[in-house]
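Analysis of the macromolecular model
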Protein chains: 2
Amino acid sequence: MTYTTQIKIMPLKELLDPQGKAVLGGLQNLGIQSVADVRIGKHIDLQIEAANEEEAIAIAESAAKKLLANPVMEVYHISVS
Amino acid sequence: MTYTTQIKIMPLKELLDPQGKAVLGGLQNLGIQSVADVRIGKHIDLQIEAANEEEAIAIAESAAKKLLANPVMEVYHISVS
């Protein structure tokens, strides 16, 4: 069966997110003042052929560890829909 | 109150996603064969000061339209957590 697995990769909370800070400045310049903070990460949709949901999550986890996420700077979260 | 609003921005289904195709090739080179398709988008967390959830969503929608998403190539989805 094909599972649609979603991996959300965000910069670690402890680290400054320069892209997010730039967008925050841009929003304020556009007059949107009520945004207090912006953090920008990646959202990756994987279509995975697997026997069951657990296997799909294990494959996504392996993909995140081996290629997609940088554990020094990022944290990832996997979900299946 | 501060609402954590999440905006997921993905390339339109109709369009080729070259970054996703590159990652798909990379995964196959690493021996992960069961991934059939990859699409890569952005995930943006906004901390929004608003009176209620509806107002927070409206502000996030305005931010997505005015700055974050490109309607010609991308589709966005807003959620509050």
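Description of the structure in this document.

The rules behind the values
- Residues numbered from 1 in each chain as written.
- Chains lettered and ligands numbered in written order.
- Predicted model: local features only at pLDDT ≥ 70, side-chain atom pairs only at ≥ 80, totals over all residues.
- Heavy atoms only, no water.
- Least-squares fit on C-alpha atoms with pLDDT ≥ 70 in both.
- Contact = heavy atoms within 4.5 Å.
- Buried < 20%, exposed > 50% of the residue type's maximum accessible area, 1.4 Å probe, protein only.
- Helix = DSSP H or I, 4+ residues; strand = E, 2+ residues; numbered from the N terminus.
- Pairing = 2+ DSSP bridges.
- Buried area = accessible area lost by both parts, 1.4 Å probe.
- Salt bridge = Lys/Arg side-chain N within 4 Å of Asp/Glu carboxyl O.
- Nonpolar A, V, L, I, M, F, W, Y, C, P; charged D, E, K, R; others polar.

**Here's the deal with the relation of the copies chain B and chain A**
Rotating chain B by 180° about the axis while translating it 0.0 Å along that axis superimposes it on chain A, leaving an RMSD of 0.0 Å. When the rotation and shift are considered jointly, the pair of chain copies conforms to a two-fold rotation axis. Identified as the residue of chain B closest to the rotation axis by C-alpha distance is B:Lys42, at 2.2 Å. In this assembly, 100% of the residues forming the interface of chain B have copies in chain A that are likewise at the interface, indicating an isologous arrangement.

**As for the pairing of strand E1 (residues 2-11) of chain A**
Residues and elements named next belong to chain A. Burial runs high along E1: seven of the ten residues are buried. Relative to strand E2 (residues 35-49), E1 runs antiparallel, the two being bridged by eight bridges. Note on E2: the bridge partner recorded for Thr2 is Glu49. Bridge count between E1 and strand E3 (residues 74-80): seven bridges; the pairing is antiparallel. Note on E3: the bridge partner recorded for Gln6 is Ser79.

**Examining the interface of chain B and chain A**
Taken together, the contacts link 30 residues of chain B with 30 residues of chain A. For the pairing of chain B and chain A, the buried interface totals around 2,500 Å² over both sides, and the portion due to carbon and sulfur atoms is 68%. Inspection of the region where chain B meets chain A yields zero salt bridges. At the level of secondary structure, the elements contributing two or more residues to the side of chain B that touches chain A comprise strand E1 (2-11), helix H1 (18-29), strand E2 (35-49) and helix H2 (53-68) of chain B. With 15 residues, E2(B) is the largest single contributor of residues to the side of chain B that touches chain A. Residues of the side of chain B that touches chain A, tallied by class, amount to 16 nonpolar, seven polar and seven charged. By the bridge criterion, 13 bridges tie E2(A) to E2(B) in an arrangement that is antiparallel. Bridging from a neighbouring strand, A:Arg39 pairs with B:Asp45 of E2(B).

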